[in-house]
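# Geometric and topological summary
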Amino acid sequence: MSIDALIGKQNPDGGWPHSRGRSWTEPTAYAVMALLAAGERDRAGRGLAWLRATQRGDGGWGPQPGIDESNWTTGLVALLPPDTLGARLHRAAIEWLMGTTGHESSFEYRLREWLLGGPKRPELEFAGWPWIPGAAAWVGPTAIAILALEKENTRRPMHVIRDRIETGRKFLVARSCEEGGWNHGSVGALGYASKPYPETTGMALAALRGVHAPQVARGLAVAHRLLSECRSADAQNWLRLGLAAHGELPHGYCVPQNLAYRTIPETSLSLLLSDASRAREFFWC
Amino acid sequence: MMNPTLTRREWLAAATAASGTVALTGCTTHAPITPSQVSIVRAPLYDQTLYATVREIVEAHRLDVRGKRVVLKPNLVEFEPESSINTHPMLVHAAYQAFQSLGAASVHIAEGPGHRRNTLDMADAAGYFQTGARFEDVFTDLNLDDVTRVHPKRQFSRLGKLYLPDTVLGADLLVSMPKMKTHHWTGATLSMKNLFGVVPGGVYGWPKNVLHWAGIHECIADLHALFPRQFAIVDGIVGMEGNGPIQGTPKRAGLLVAGADLVAVDATCCRVMQIDPLQIGYLRLASGRPDAHLMERNVRQIGESIAAVKTPFELPPDFPNLRPPASAGKGGVI
């Protein structure tokens, strides 16, 4: 797996597929990050042009051109530096993120729940981000949105952004699994505790950089265990990033040799993580 | 969580069913119902005999797949070593070989898990790569496949449109291959609920929560109506009971249930599991004429009888009332 392999997968329109087929926003955003980090500015530029051309009127990005709704991939694109994406486009992406919450945080939903008199569920108290508007918030899109907003808040500090980040982090802490770590965002079902996944544990830890809480400590312990067990490229990428965010990636850690890199996001993120300092530039300032 | 109250649409469906029943008892204005054929075949183990068993099932249903594009849709959710969450890879491979040997132009295996993004890693852990040397060549991750916008044909749910993977939209025959399991939100998850896996996570996320907000039962019925050519082979060799579809307990039923009418197949599975199919919301919605192929009298059973193989599955915690009425099976009530 190399930068050349990544370049070889670029579609003629400048974007990337997940593995084959038409261009999608998610793999294109990751590929552009990896290429920028590797100094491949020409190829990255074509990817950036594709992203600029596919931004939607509401400031967000859909998962693929032709899908008429912006979604969580807007947070991924917003991780790109404004000077490469374009300051105006980047600001519109941040505004889209700031205006998006899980449906369970909407006034309409909370009024309905209050009228129905259901029990208050602590895990629904804090606003996170959904994969797609109109649905509930989950760990993955919330982690990505926090990373993007944290970078924005460093560049352009604002109370409203700070508040959304804090609330999003409370959302993540509240969704921590009983044994530690995170899955897609379900603490339990019908009294049964749900188990953590490696990739979402890494994502949540990355977004909780600098947060000191028992849930973070338990999450780190789970991440160390999962790092030694899991053989998924996606999981390894996110666990490394999550542990690195807390300075806990074991010194000299070597990724298992026999991992299969099957998708552009897996390949791109792995390339990006091969240079820790460049990875930091994209995920936190 | 399950909504214990009926939605407006369910009330309408129930009212329609009730009025239909009245009409049927008063004067029979409907054309006679053509019974749907459903096979129940004993299959005690995941072993080499499965290959012949599955081929015999497909042949018994006279499926002409010569020159057709067949897509097998197993149920791949999460992997845990001692669990029975996923459709067994050997069964999927047996179906793959059966359809190939019967002359299909192409046979693909395709799935889009609802919780985890790394589909192929899960398939690998679940043993799918060990069934054949070229598994990756014939597998499509439906979560990341290219998509096309479609509109529900019968519109039970609030979904005005859906983006679905080109691989399943282009199939001449979609074969749903679920695990026979109880489900903590829908009561039972069988060949129709398995269609949730065709909805792409790349568009809707992990989980595909849009479907929950739009009504789980209604979305299942919408998805079922979108695919005109379907077949089902349900893995009931070892199913799951209790708090399914993930945290339940393995339950050995030792059988496969198959047929081209997914409502009839799932209703038959329910009877085997000692669940009243009339209590499963999506089956009521999708059954068309008032409860047509939900009724045992409207199913032409081949292979084993339900009486010979029925085995009560422990019910999910929120569904204590799913058992059929005491008279069920005697007078053909369900």
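Values in this document were obtained by computation on a predicted structure and should not be read as measured data.

Conventions we followed
Residues numbered from 1 in each chain as written. Chains lettered and ligands numbered in written order. Predicted model: local features only at pLDDT ≥ 70, side-chain atom pairs only at ≥ 80, totals over all residues. Helix = DSSP H or I, 4+ residues; strand = E, 2+ residues; numbered from the N terminus. Rg over C-alpha atoms; globule rule 2.2 N^0.38 Å. Buried ≥ 20, exposed ≤ 12 C-beta atoms within 10 Å, placed from the backbone. Contact = placed C-beta atoms within 7 Å. pLDDT = per-residue confidence, 0-100. Expected span 1.5 Å × (residues − 1). Domains from an automatic or database assignment. Axes fitted to C-alpha atoms, helices over the stretch in contact; angles between N-to-C directions. Parallel < 35°, antiparallel > 145°, perpendicular 65-115°, else oblique. Left-handed = near helix turned anticlockwise from the far one by under 90°. Nonpolar A, V, L, I, M, F, W, Y, C, P; charged D, E, K, R; others polar. Arc of directions from axis to C-beta.

## Details of the overall build of chain A
Summing up its helical and strand segments, chain A has 14 helices and 2 strands in all. By the compact-globule yardstick of 19 Å for 285 residues, chain A fits well, its C-alpha radius of gyration being 18 Å. Each principal axis of the C-alpha distribution contributes one length, and for chain A these read about 55 × 45 × 35 Å. By the burial criterion, 52% of the 285 residues in chain A qualify as buried. Counted over contacts in chain A with a minimum sequence separation of 6, partners at least 24 positions apart contribute 63%.

## Let's talk about the overall build of chain B
Each helix and strand counted, chain B has 12 helices and 12 strands in total. Among the 334 residues that make up chain B, the fraction classed as buried is 56%. Taking as baseline every contact in chain B between residues at least 6 positions apart, the subset at least 24 positions apart corresponds to 76%.

## Digging into the interface of chain A and chain B
Contacts between the two partners involve 29 residues from chain A, matched on the other side by 24 residues from chain B. Among the secondary structure elements, those contributing two or more residues to the side of chain A that touches chain B are helix H8 (139-155) and helix H12 (233-245) of chain A.

## Observations regarding the confidence of the model for chain B
Regions with low pLDDT should not have their predicted coordinates read in detail. Residues and elements named next belong to chain B. On average, residues of chain B score 89 in pLDDT, and 89% of them are at 70 or above. The model gives residues 327-334 a pLDDT under 50, and that stretch makes 17 contacts with residues more than four places away or in other chains. Under the prediction, the complex receives an ipTM of 0.94, its pTM being 0.91.

## Describing H8 of chain A
The end-to-end C-alpha separation of H8 of chain A is 25 Å, in line with the 24 Å expected for 17 residues at 1.5 Å each. For H8 of chain A, a buried count of 14 out of 17 residues is recorded, marking the element as mostly surrounded by other parts of the structure.

## Observations regarding the domain arrangement of chain A
Residue and element names in this part refer to chain A. For chain A, the assigned domains read domain 1 (1-84 + 263-285) and domain 2 (101-253). Distance from the C-alpha centre of domain 1 to the C-alpha centre of domain 2: 23 Å. In this assembly, 16 residues from domain 1 lie in contact with 20 residues from domain 2. Put simply, the parts of the chain that give the side of domain 1 that touches domain 2 at least two residues each are helix H4 (73-77), helix H13 (264-273) and helix H14 (276-283).

## Regarding the packing of helix H10 (residues 198-207) of chain A against helix H11 (residues 214-229) of chain A
Residues and elements named next belong to chain A. The geometry of H10 relative to H11 is characterised by a closest axis approach of 10 Å and an angle of 135° between their N-to-C directions. Taken together, the axis directions place H10 and H11 in an arrangement best described as oblique. Where H10 crosses over H11, the two elements pack in a sense that is left-handed. Residues Pro198, Thr201, Gly202, Ala204 and Leu205 of H10 form the contact with H11, whose participating residues are Gly219, Leu220, Val222, Ala223 and Leu226. Considered class by class, the residues forming the contact of H10 with H11 number 7 nonpolar, 3 polar and no charged.

## Brief notes about the environment of Pro81 of chain A
Note on placement: Pro81 of chain A falls in the loop between H4 and helix H5 (82-85). A C-alpha to C-alpha distance of 9.4 Å links Pro81 of chain A and Glu152 of chain A, two positions 71 residues apart in sequence.

## Describing helix H9 (residues 159-174) of chain A
All names here are of chain A. Helix length check: H9, at 16 residues, gives a terminal C-alpha distance of 22 Å against a target of 22 Å (1.5 Å per residue), a fit within 8%. Taken as a whole, H9 has its buried residues at Arg164, Gly168, Arg169, Phe171 and Leu172. The arc that holds every buried residue of H9, seen down its axis, measures 150°, which confines them to one face. Exposed and facing more than 90 degrees away from the buried side of H9 are His159 and Asp163. On the buried face of H9, the contacting elements are helix H6 (87-98), H8 and H10.

## Here we look at the environment of Pro44 of chain B
Residue placement: Pro44 of chain B occurs in the loop between strand E1 (36-42) and helix H2 (49-60). On the basis of neighbour count, Pro44 of chain B is assigned to the exposed category, with 12 C-beta atoms found within 10 Å.

## Remarks on the environment of Leu294 of chain B
One can find Leu294 of chain B in the loop between helix H11 (281-286) and strand E12 (299-303). On a C-alpha basis, the gap between Leu294 of chain B and Ala267 of chain B in space is 5.5 Å, while along the polypeptide they are 27 residues apart.

## Here we look at the packing of helix H2 (residues 25-37) of chain A against H13 of chain A
What describes two packed helices is the angle between their axes and the distance between those same axes. Residues and elements named next belong to chain A. Axis separation between H2 and H13 bottoms out at 8 Å; the angle between their running directions is 25°. Looking at the two axes, H2 sits roughly parallel to H13. Here H2 and H13 pass one another in a crossing that is left-handed. Packed against H2, whose contacting residues are Glu26, Pro27, Tyr30, Ala31, Met33, Ala34 and Ala37, the element H13 presents Ile264, Pro265, Ser268, Leu269, Leu271 and Leu272 at the interface.

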